[in-house]
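# Coordinate inspection notes
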Amino acid sequence: MRCVLETTLVHLALVAEVSADRAIDHGGVFRHPFRFQRLRLDVGLEDVSRFGEGPAAAAG
């Protein structure tokens, strides 16, 4: 089963590393929150695929 996530597009200025988990409990609630890890000042916007694009999107 593939989850559809709601997104809000924002102005692209910085790259951040996050952790996320698609695990859902029996009530249909995500078990683990989306967490900010760190800013990636060593990575530019041109180095990152936009949400829903690139090989990571196909991996699901």
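## Here we look at the confidence of the model for the protein chain
When pLDDT is averaged along the protein chain, the result is 79, and 88% of the positions lie at 70 or above. Across the protein chain, the secondary-structure element scoring lowest on mean pLDDT is helix α1 (residues 55-59), at 54, and the one scoring highest is strand β2 (residues 35-39), at 91.

## Observations regarding the pattern of salt bridges
According to the stated counting rule, one finds three salt bridges in the structure shown. R38 is the salt-bridge partner of E17, the closest N and O atoms lying 2.8 Å from each other. You can see E17 sitting in strand β1 (residues 16-19) and its partner R38 sitting in strand β2, a full 21 residues away along the chain. Accessibility expressed as a relative area gives 43% for R38, which makes it partly exposed. Taking the shortest distance from any N to any O, the salt bridge between R40 and D42 comes out at 2.9 Å.

## Thoughts on the environment of R22
Here R22 shows up in the loop between β1 and β2. Under the relative-accessibility criterion, R22 is labelled exposed at 52%. Along the chain, R22 and R2 lie 20 residues apart, while their C-alpha atoms are 9.5 Å from each other.

Rules used in this analysis
Residues numbered from 1 in each chain as written. Predicted model: local features only at pLDDT ≥ 70, side-chain atom pairs only at ≥ 80, totals over all residues. Heavy atoms only, no water. pLDDT = per-residue confidence, 0-100. Helix = DSSP H or I, 4+ residues; strand = E, 2+ residues; numbered from the N terminus. Salt bridge = Lys/Arg side-chain N within 4 Å of Asp/Glu carboxyl O. Buried < 20%, exposed > 50% of the residue type's maximum accessible area, 1.4 Å probe, protein only.

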